[in-house]
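Working through the structure, step by step
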Amino acid sequence: MADPMHQFQINKVVDLPTVNLPGLGVVDLSITNSVVSMGMAAGLICVFFALAARQAVVPGRLQSVGEMLYSLVDDLAGSIIGHEGKVFFPFVFTLFSFILAMNFLGMFLVFTATSQLAVTATLALLTILTVVVVGFSRNGIGMYKLFVPSGVPWPLLFLMVPIEIISFLVRPVTLALRLFGNMIGGHVVLKIFAGFIISLGLLASGGGIASLGYLGSLVSLGSVVALTALEFIVAFLQAFVFAALTCVYLNDVVNLDSH
Amino acid sequence: MANETTQTHESTGADGHASGGGLPQFQFVWWPGQVVWLLLIFVVLYVLLSKLFLPRVGGTIQTRADKIAADVAQARDLKTQAEAESATALAELAKARTHAQRTASEAKAKANAEAATRQAAEEAVLAEKLAVAEDRIRVSRDAALGNVRTIASDIAAAITDKLTGVAATADEVETALTAAKA
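Residues numbered from 1 in each chain as written. Chains lettered and ligands numbered in written order. Predicted model: local features only at pLDDT ≥ 70, side-chain atom pairs only at ≥ 80, totals over all residues.

Here the focus is the overall build of chain B. For chain B, the helix and strand inventory stands at three helices and zero strands. N-terminal to C-terminal, the α/β element order of chain B is α-α-α. A buried classification covers 8% of the 182 residues belonging to chain B. (Helix = DSSP H or I, 4+ residues; strand = E, 2+ residues; numbered from the N terminus. Buried ≥ 20, exposed ≤ 12 C-beta atoms within 10 Å, placed from the backbone.)

Below is the structure:
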């Protein structure tokens with residue numbers, strides 16, 4: 001059976017010289033299959049909106065989809081963050097569309113950028129850093145309220161404050177691992193079941209009692225079809241969850257007083 | 001070139017490690033490149049979306065919402081206007097009907113009055129003519145009756161002349177006639 005982890009292996013596509021970035025040290029900026037996948041996702045979004053962002057009053061199909069995605073994220077940001085959601089809408093939409101495009105490209109191509117922990121961790125850290133920067137620029141030192149729930153008897157604060165701090169620190173980890181885990185899990189299971197189709201079929205070709213393997217092969221094929229459908233849902237859902245959680249975390253620091 | 005060879009060796013080693021059960025995601029040699037490229041692409045995408053595409057989509061949605069609201073408001077205005085005009089038209093129709101009825105009855109009354117006047121005038125003319133005619137008849141009759149005496153006196157004179165051979169004088173005839181008449 002083919003190695004189900006091989007699909008996550010990163011390879012160089014175009015060799016580029018290493019660059020010495022300040023603070024990061026020497027970075028190999030070669031184009032890898034992961035970078036190609038990210039670039040394609042971004043390109044896909046641009047092409048999509050170049051075609052979909054028409055200004056017809058009566059929209060066509062593509063324009064309807066574009067406006068549906070826009071409204072989805074707009075409503076999300078508006079309902080969670082409130083009227084200030086407009087400010088963060090482009091950021092949330094970029095996250096959502098980028099993750100969605102990478103997830104979907106993974107369903108059609110051999111490489112899924114969002115199944116790389118480096119990618120999901122960077123996106124999660126970017127989100128949390130944005131939250132922290134927005135929080136400090138809006139509330140200044142008042143940010144501490146984030147860790148001190150209001151309306152709690154003071155002795156309980158000795159318990160609550162460490163819990164709140166830990167839960168805040170865990171946020172980027174859960175953001176990164178949720179997306180990473182969902183993507184890698186789905187693709188590994190798909191690969192394993194797809195491998196079963198071939199290996200059980202080969203086994204069954206031996207004849208005799210092993211012919212039952214054809215049945216197993218068929219069941220595996222059905223599973224792959226069903227799992228593919230499920231993975232499409234997961235691909236959308238995880239992008240949506242990432243965007244929704246970004247909104248929730250931004251809301252915590254934007255509307256800190258009502259926290 | 002030497003650098004590249006080492007890297008190839010490294011990745012080959014990592015490959016071997018991966019097939020041993022480790023995840024390719026934890027080959028940290030690939031992390032910095034992915035992180036830097038991801039940030040670059042993300043920033044470019046963010047700028048493109050926030051400056052170019054999203055305002056266009058949002059603007060279109062806003063324009064549509066505005067247009068629909070304006071159209072609905074306009075339709076409501078037109079409906080109100082049409083209702084008002086319909087009420088005005090009904091009122092005018094009623095007014096016109098009353099006016100027409102009044103005009104008709106007035107015309108009828110006027111015509112009746114005129115007819116009566118004309119009839120009265122005609123009757124007056126006829127009555128006058130009748131009176132004149134009656135007068136003439138009376139005059140003619142009186143004249144005729146006057147002539148009867150002359151004729152009688154002439155006849156009486158003539159008869160007297162024939163019978164007696166003496167012509168009676170006018171006075172004698174007159175006296176005789178008056179006596180006869182009485």
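Counting secondary structure elements, chain A contains six helices and four strands. When the elements of chain A are put in sequence order from the N terminus, they spell out β-β-β-β-α-α-α-α-α-α. Against the 2.2 N^0.38 benchmark of 18 Å for 259 residues, chain A shows a C-alpha radius of gyration of 23 Å, more extended than a compact globule. Seen through its C-alpha atoms, chain A measures out along the principal axes to roughly 75 × 55 × 45 Å. Across the 259 residues that make up chain A, the buried fraction comes to 34%. Pairs at least 24 apart in sequence give 63% of the contacts found in chain A among residues at least 6 apart. (Rg over C-alpha atoms; globule rule 2.2 N^0.38 Å. Contact = placed C-beta atoms within 7 Å.)

Mapping V241 of chain A onto the fold places it in helix α6 (residues 213-254). Put simply, V241 of chain A and F96 of chain A are 145 residues apart on the chain and 8.8 Å apart in space, counted from C-alpha to C-alpha.

In this section: helix α2 (residues 31-164) of chain B. All names here are of chain B. Across its 134 residues, α2 extends 190 Å between first and last C-alpha, which sits within 8% of the 200 Å expected from 1.5 Å per residue. Maximum bend of α2: about 45°, positioned at L49. The buried fraction of α2 is low, at 10 of 134 residues. All of the buried residues in α2 are G33, Q34, W37, L38, L45, L49, F53, L54, V57 and T60. Just past α2, the residue G165 takes up positive phi, approximately 80°. (Expected span 1.5 Å × (residues − 1). Bend = angle between axes of the 7 residues up to and from the residue.)

Quick look at the packing of helix α1 (residues 33-52) of chain A against α2 of chain B now. One way to put it is that α1 of chain A packs onto α2 of chain B with a least axis distance of 9 Å and a crossing angle of 5°. In terms of their interaxial angle, α1 of chain A and α2 of chain B are classed as roughly parallel. Residues S34, V35, M38, G39, A42, I45, C46 and F49 of chain A of α1 of chain A form the contact with α2 of chain B, whose own contacting residues are G33, Q34, W37, L38, I41, V44, L45, L48 and F53 of chain B. Grouping the amino acids of the contact of α1 of chain A with α2 of chain B by side-chain chemistry returns 13 nonpolar, four polar and no charged. (Axes fitted to C-alpha atoms, helices over the stretch in contact; angles between N-to-C directions. Parallel < 35°, antiparallel > 145°, perpendicular 65-115°, else oblique. Nonpolar A, V, L, I, M, F, W, Y, C, P; charged D, E, K, R; others polar.)

What follows deals with the interface of chain B and chain A. Listed as interface residues are 35 residues of chain B and, on the opposing side, 37 residues of chain A. Sorting the residues of the side of chain B that touches chain A by element identifies α1 (2-19) and α2 of chain B as the ones contributing at least two each. By residue number, the principal contributor to the side of chain B that touches chain A is α2 of chain B, which donates 27 residues. Within the side of chain B that touches chain A, the residues separate by chemical class into 22 nonpolar, nine polar and four charged.

Below, the discussion takes up the confidence of the model for chain B. Residues and elements named next belong to chain B. Overall, the predicted model of chain B reaches an average pLDDT of 84, with 88% of residues at or above 70. The least confident element of chain B is α1, whose mean pLDDT is 40; the most confident is α2, at 92. On the interface metric, ipTM, the complex scores 0.90, and its pTM is 0.74. (pLDDT = per-residue confidence, 0-100.)

Turning next to the packing of helix α4 (residues 117-139) of chain A against helix α5 (residues 154-204) of chain A. Residue and element names in this part refer to chain A. At their nearest, the axes of α4 and α5 sit 8 Å apart, and the two run at 145° to each other. The two elements α4 and α5 cross, and the hand of that crossing is right-handed. Residue-level contacts link L117, T120, A121, A124, L125, T127 and I128 of α4 to R171, P172, L175, A176, L179 and F180 of α5. Of the residues assigned to the contact of α4 with α5, the class counts are 10 nonpolar, two polar and one charged. (Left-handed = near helix turned anticlockwise from the far one by under 90°.)

So, on to helix α3 (residues 170-181) of chain B. In this model, α3 of chain B (12 residues) spans 16 Å end to end at C-alpha, consistent with the 16 Å of a helix rising 1.5 Å per residue. With zero of 12 residues buried, α3 of chain B is to be regarded as a mostly surface element.

The next thing to look at is the environment of K145 of chain A. Turning to its location among the elements, K145 of chain A is positioned in the loop between α4 and α5. Expressed as a C-alpha distance, the spacing of K145 of chain A and F91 of chain A, which sit 54 residues apart in the sequence, is 25 Å.

Moving on: the environment of A158 of chain B. Assignment of secondary structure puts A158 of chain B in helix α2. You can call A158 of chain B exposed: it has 12 C-beta atoms within 10 Å.

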